[in-house]
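Below are the chains, spelled out letter by letter.
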Amino acid sequence: PKQEKTVKKKKQKKKRIPGWLSWGLSVLFLSFGLTVLFSFLTEISIKGSPVYICVIVLIVLLFLNIGCDMIANAIITCQPDAFHAMASNKIKGAKRAVTLCKNATKLGSVFADVIGDICGIVSGAAGAVLVVYIAAIADGNIWEIVSSILVSAVIGALTVGGKAIFKHFAMKYNKQIVFSFAKFTTFFKKEK
């Protein structure tokens, strides 16, 4: 009895960081690191490059943003039950799909919020470079304003419209998307 009380007191003294705070801090540092990485890659890709390189980088960022949002929605709406039988038959990617579904909230947050928002921010920066190119060609204050508004509007419309269109596919084909993504990840890290 006396030993149990001492063990309980020791456990009470060790206060752990709450799960929500730990997760929030992890996302904060992950966001910072990914933003630095994406910004760096974008900067070295478009700095001093022709305008078509800037457009290509912008399109890649838009596709990445929309694709990550689609994966997030598929993972969040998919049930792990769909993959249990496949996992018991040792089908490659099935165990990973179960893991993805079980961690849907966190993964959805990483894909939709972290990567998606970072791509949105960095694509805005790439859009600003595109505006500078257009303004230099147009050579006039009114065209600089118009090009800035148009580039922002096109980036916003493609991002939001793309996410809206692919959300439907993410929910309708969630099992196929989750399984394909899980199978893809096994190329980088083997299943246990």
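Up top is the structure.
Rules of the game
- Residues numbered from 1 in each chain as written.
- Predicted model: local features only at pLDDT ≥ 70, side-chain atom pairs only at ≥ 80, totals over all residues.
- Heavy atoms only, no water.
- Helix = DSSP H or I, 4+ residues; strand = E, 2+ residues; numbered from the N terminus.
- Expected span 1.5 Å × (residues − 1).
- Bend = angle between axes of the 7 residues up to and from the residue.
- Buried < 20%, exposed > 50% of the residue type's maximum accessible area, 1.4 Å probe, protein only.
- Contact = heavy atoms within 4.5 Å.
- Phe/Tyr/Trp six-rings, centres within 6.5 Å; stacked < 30°, edge-to-face > 60°.
- Patch = residues over 30% accessible without salt bridge, like charges linked within 9 Å, V, L, I, M, F, W, Y side chains within 5 Å.
- Areas by Shrake-Rupley, 256 points an atom, 1.4 Å probe, with all protein chains shown as cover.
- Salt bridge = Lys/Arg side-chain N within 4 Å of Asp/Glu carboxyl O.
- Core = buried A, V, L, I, M, F, W, Y, C linked by side-chain atoms within 4.5 Å.
- Axes fitted to C-alpha atoms, helices over the stretch in contact; angles between N-to-C directions.
- Parallel < 35°, antiparallel > 145°, perpendicular 65-115°, else oblique.
- Left-handed = near helix turned anticlockwise from the far one by under 90°.
- Nonpolar A, V, L, I, M, F, W, Y, C, P; charged D, E, K, R; others polar.

Participant: Which parts of the structure should I look at to understand helix H7 (residues 141–172)?
Facilitator: Three or four residues apart is the spacing at which side chains of an α-helix point the same way, because the helix has 3.6 residues per turn. Helix length check: H7 (32 residues) gives 47 Å between terminal C-alpha atoms against 46 Å at 1.5 Å per residue, within 8%. Approximately 25° is the largest bend angle found in H7, and it occurs at Phe 166. Among all positions in H7, only Ser 147, Val 151, Ile 155, Thr 159, Gly 162 and Ala 170 are buried. Those residues of H7 that are buried are in contact with helix H3 (51–77), helix H6 (104–138) and helix H8 (174–185).

Participant: Sorry if this is basic, but what is going on with the environment of Ser 109 here?
Facilitator: Structurally, Ser 109 can be placed in helix H6. We classify Ser 109 as buried; its relative accessible area is 17%. Between the C-alpha atom of Ser 109 and that of Ile 76, which follows or precedes it by 33 residues, the distance is 9.6 Å. If we ignore the near neighbours within four places in the chain, the residues touching Ser 109 are Trp 23 and Val 114.

Participant: How do you make sense of the packing of aromatic side chains when you look at a structure like this?
Facilitator: What the rule picks out here adds up to 5 aromatic pairs. Each ring, one from Phe 166 and one from Phe 169, has its centre 5.9 Å from the other, and the planes form 45°; the classification is tilted. One end of the pair, Phe 166, and the other, Phe 169, are both in helix H7, 3 residues apart, so they sit about a helical turn from each other. Classification of Phe 166 as partly exposed rests on a relative accessible area of 35%. Measuring from centroid to centroid gives 6.3 Å for Phe 169 and Tyr 173, while their planes differ by 15°, and the two rings are stacked. An aromatic cluster is built from Phe 166, Phe 169 and Tyr 173, whose rings are joined through pairwise contacts.

Participant: Is there a simple way to explain a nonpolar patch on the surface in this structure?
Facilitator: Side chains of Val 51, Tyr 52, Val 55, Ile 56, Ile 59, Val 60 and Phe 63 sit close together on the surface and give an oily, nonpolar patch of about 650 Å² of accessible area. Position of Ile 59 relative to the elements: it lies in helix H3. Residue Ile 59 is classed as partly exposed on the basis of its relative accessible area of 39%.

Participant: Explanation requested: the nonpolar core in the structure shown.
Facilitator: A general feature of soluble globular proteins is that nonpolar side chains tend to end up buried together. Among the nonpolar cores identified, the biggest contains 42 residues, and Phe 38, Phe 83, Phe 111, Ile 115 and Val 178 are the most heavily contacted of them. Those elements that place two or more of their residues in this core are helix H2 (19–46), H3, helix H4 (81–88), helix H5 (94–102), H6, H7 and H8. In terms of residues, this core owes the most to one element, H6, which gives 12 residues. What Ile 115 contacts, discounting residues up to four positions off in sequence, is Leu 34, Cys 68 and Val 110.

Participant: Looking at this structure, how should I read the packing of H2 against H3?
Facilitator: For any two helices packed against each other, the geometry is given by the interaxial angle and the distance between the axes. Their axes nearest at 9 Å, the elements H2 and H3 cross at an angle of 155°. Between H2 and H3, the crossing angle belongs to the class labelled roughly antiparallel. The two elements H2 and H3 cross, and the hand of that crossing is right-handed. Contacts from Phe 38, Thr 42, Ser 45 and Ile 46 of H2 reach H3 at Ile 53, Cys 54, Val 57, Leu 61 and Leu 64. Among the residues forming the contact of H2 with H3, the class breakdown is 7 nonpolar, 2 polar and no charged.

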